[in-house]
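The residues making up each chain are set out below.
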Amino acid sequence: MRHLLTLFDLQPMELEAIFTITRDLKEKFAAGLREPILPGRVLAMLFERPSLRTRVSFEAAILQLGGGSLFLGEDVGFGSRESVEDCGRVLGQFVDVIVSRTREHQRLVEFASHCACSVINGLSEQAHPCQALADLYTIREQLGGLKSLRLAWIGDGNNVARSLAVGCAKMGYSFVAASPPGYQLEASFLEEVREAVPGAEVEQIADPREAVEGAEVIYTDVWASMGQEAEKQARAATFAAYQVNNQLMTRALKQSIFMHCMPAHRDMEVTAEVLDGPQSVVLEQAANRMHVQKGLLAWLLGKRA
Ligand code: CP
Ligand code: NVA
């Protein structure tokens, strides 16, 4: 049974296979075609946290492929009304694939181990693989298939940063994160990436100006992720010097693009002029969530389009 809990679960050739299906389906979509290649397939969406992009893009994706979806929120009693194990053993028999947004990553790992169908991580505090998949696809689309490039992550060493670090390594891109002390990617995690992908260029530094030097992609995310709301004020002070603004963008390559997984907070982690400016591809990035997830669903469910 194939699960996608982190991008460590996918080999570079598998990323390419998903992107090939994605490209085909996206071209067909643009031409007005929505081939029902997954008729009768059921996707369950088990969410413990709010979502716009992940929820709607997955639901739209499976509908366009001829299947259907079920949204399961708090009322399912995941881990409260019954155990995570029992939820997995039962739910996995009803549906073909599950997207789960859990609070703790470990809960997701446990859940998936009891499911008889594929489980996709729809964001945990450790990883956001579907976001990174769509981001890598967007980077290739926007930068014309550059074989090597530098992605500068500015801000918190969080779930999205981790997934991008693994994804960049698998694509042969170099990844550098600039984060304040205390909010950096763990050295053990970076080591894990280097072990999984020999030759991977993944780096953690403190200075955002150094990170963007020579970078083709500048990426940031919220300073306080879901579940860290109480730390919002303290983090705003710590991260102030990590705001992506025009001054920082001018240090990157002229042709660089700006990315953000959204939701975004204008004039916090990124200024409005950058987020809404000419280098920003955040809307293309969000749109690709649906296209890439169609590719992922088709690939996981054995329809190689
Ligand atoms: N980027 C992202 O995953 O957005 P949602 O939290 O709205 O799903
Ligand atoms: N790092 C953010 C990403 C939201 C899509 C969070 O976990 O809240």
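Being a predicted model, the structure only gives us computed values, none of them experimental.

Peer 1: Mind showing me how you'd approach the sheet that holds strand β1 (residues 42-47) here?
Peer 2: Sheet strands pair by backbone hydrogen bonding; their relative direction is either parallel or antiparallel. Pairing within the open sheet is parallel, and its 4 strands lie in the order β2-β1-β3-β4. Where the open sheet ends on each side, the last strands, each with one partner, are β2 (68-72) and β4 (118-121). The mean inter-strand angle of the sheet, taken between neighbouring strand axes irrespective of direction, is 20 degrees. Packing against the sheet, helix α2 (residues 53-64) makes contact with β1, β2, β3 (97-101) and β4, and its axis sits at approximately 170 degrees to β1. Where helix α12 (residues 282-300) meets the sheet, it contacts β1, β3 and β4, and its direction lies at approximately 160 degrees from that of β4.

Peer 1: I would appreciate a short explanation of the nonpolar core in the present structure.
Peer 2: Note that soluble globular proteins tend to have their nonpolar side chains buried in a common cluster. Ranked by internal contacts, the top residues of the largest apolar core, which has 63 residues, are I120, F175, L296 and L297. In terms of residue count, helix α6 (residues 159-171) provides more of this core than any other element does, 8 residues in total. If we skip the residues at most four places from it in the chain, L296 touches L4, I18, F58, I120, C130 and L133.

Peer 1: Looking at this structure, how should I read the state of the cysteines?
Peer 2: Note on terminology: a disulfide is the covalent bond linking the sulfur atoms of two cysteines. Within this structure, the stated rule accounts for 0 disulfides. Of all cysteine sulfurs in the structure, the one in C117 sits closest to C115, which takes part in no disulfide; the separation is 5.3 Å. The thiol of C130 is not disulfide-bonded; the next cysteine sulfur, from C261, is found 13 Å away. What makes C130 buried here is its relative accessible area of 1%.

Peer 1: Sorry if this is basic, but what is going on with the pattern of salt bridges here?
Peer 2: Side-chain pairing between opposite charges can occur once the charged atoms of the two side chains come close. The tally for this structure, following the rule as stated, stands at 17 salt bridges. A salt bridge links R2 to E14; the nearest nitrogen and oxygen atoms lie 2.8 Å apart. Taken together, the residues R2 in the segment before α1 (12-30) and E14 in helix α1 connect sequence positions 12 residues apart. By relative accessible area, E14 is classed as buried at 18%. K26 is the partner of E141 in a salt bridge, and the nearest nitrogen-oxygen pair spans 2.7 Å. Here E141 is found in helix α5 (residues 129-142), whereas its partner K26 is found in helix α1, with 115 residues between them in sequence. Owing to a relative accessible area of 21%, K26 belongs among the partly exposed residues under this scheme.

Peer 1: Explain the site of ligand 1 to me, please; I cannot follow it from the model alone.
Peer 2: All residues in the neighbourhood of ligand 1 are listed as S51, L52, R53, T54, R101, H128, Q131, C261, M262 and R289. One nitrogen or oxygen atom from the side chain of S51 is found 2.6 Å from an oxygen atom belonging to ligand 1. A distance of 2.9 Å is found between an oxygen atom of ligand 1 and a side-chain nitrogen or oxygen belonging to R101. When ligand 1 is considered free in solution it has 250 Å² of accessible area, and contact with the protein chains removes 95% of it. Residue composition of the shell around ligand 1, by class: 3 nonpolar, 4 polar and 3 charged.

Peer 1: Would you explain the sheet that holds strand β8 (residues 217-220) in this entry?
Peer 2: The 5 strands lie next to each other as β7-β6-β5-β8-β9, forming an open sheet whose pairing is parallel. Both outer strands of the open sheet, β7 (202-205) and β9 (257-260), are each paired with one neighbouring strand and no more. Along the sheet, successive strands turn relative to each other by an average axial angle of 20 degrees, direction set aside. Sheet topology note: the strand β5 (residues 150-154)/β8 ladder contains 4 bridges and is parallel. Looking at the pairing, A152 lines up with I218 of β8. Against the sheet, α6 engages β5, β6 (174-178), β7 and β8, with an angle of about 170 degrees to β5.

Peer 1: What should I look at first to understand α1 in this one?
Peer 2: Side chains of residues three or four places apart in an α-helix project in the same direction, reflecting 3.6 residues per turn. Under the 1.5 Å per step criterion, the end-to-end length of α1 is 27 Å for 19 residues, consistent within 8% with the ideal 27 Å. By the burial criterion, the buried members of α1 are E14, L15, I18, F19, I21, T22 and L25. For α1, the angular spread of buried residues about the axis comes to 165 degrees, placing them on one side. Residues of α1 that are exposed and angled more than 90 degrees away from the buried face: M13, E27 and A30. Structurally, α1 contributes buried residues whose contacts are with α5, α6 and α12. Phi turns positive, to about 85 degrees, at G32, one or two residues after α1.

Thresholds, definitions, all that
- The residue numbering used here restarts from 1 in each chain and proceeds along that chain's sequence as written.
- Chain letters and ligand numbers both follow the written order, the letters beginning at A and the numbers at 1.
- The model is predicted, so local features are restricted to residues of pLDDT at least 70 and side-chain atom pairs to those at 80 or more, both for listing and for counting; the totals for chains, interfaces and linings are taken over all residues.
- No hydrogens and no water enter the side-chain calculation; it runs on all heavy atoms of the structure.
- Should DSSP find at least two bridges between two strands, the strands are regarded as paired.
- A helix here means a DSSP run of H or I that spans at least four residues, while a strand means a run of E at least two residues long, and both kinds are numbered starting from the N terminus.
- Every axis corresponds to a line fitted to the C-alpha atoms, with the helix fit spanning only the stretch in contact, and the corresponding angles, defined between N-to-C directions, vary from 0 to 180 degrees.
- Throughout, a contact is declared for two residues whenever any of their heavy atoms are within 4.5 Å.
- Nonpolar cores were defined as sets of buried Ala, Val, Leu, Ile, Met, Phe, Trp, Tyr and Cys residues, with membership established by side-chain atoms within 4.5 Å.
- Exposure categories follow from relative accessible area, calculated using a 1.4 Å probe and restricted to protein chains: below 20% of the type maximum is buried, above 50% is exposed, and the middle band is partly exposed.
- Disulfides are defined as cysteine sulfur pairs within 2.5 Å.
- Between Lys or Arg on one side and Asp or Glu on the other, a salt bridge is scored when a side-chain nitrogen of the former is within 4 Å of a carboxyl oxygen of the latter.
- Residues are counted as near a molecule or strand when any one of their heavy atoms sits within 4 Å of it.
- Definition of a polar contact: a pair of N or O atoms within 3.5 Å, with one able to donate and the other able to accept a hydrogen when the atoms are protein atoms, and with sequence-neighbouring residues admitted only if both atoms are side-chain atoms.
- The accessible surface values rely on the Shrake-Rupley method and a 1.4 Å probe; as for residues, cover is taken only from the protein chains in view.
- Polarity classes work like this: nonpolar for Ala, Val, Leu, Ile, Met, Phe, Trp, Tyr, Cys and Pro, charged for Asp, Glu, Lys and Arg, and polar for all others, with Gly in that last group.
- The span you would expect from a helix comes to 1.5 Å times its residue count less one.
- Within this analysis, the arc is defined by the directions that extend from the helix axis to the C-beta atoms.

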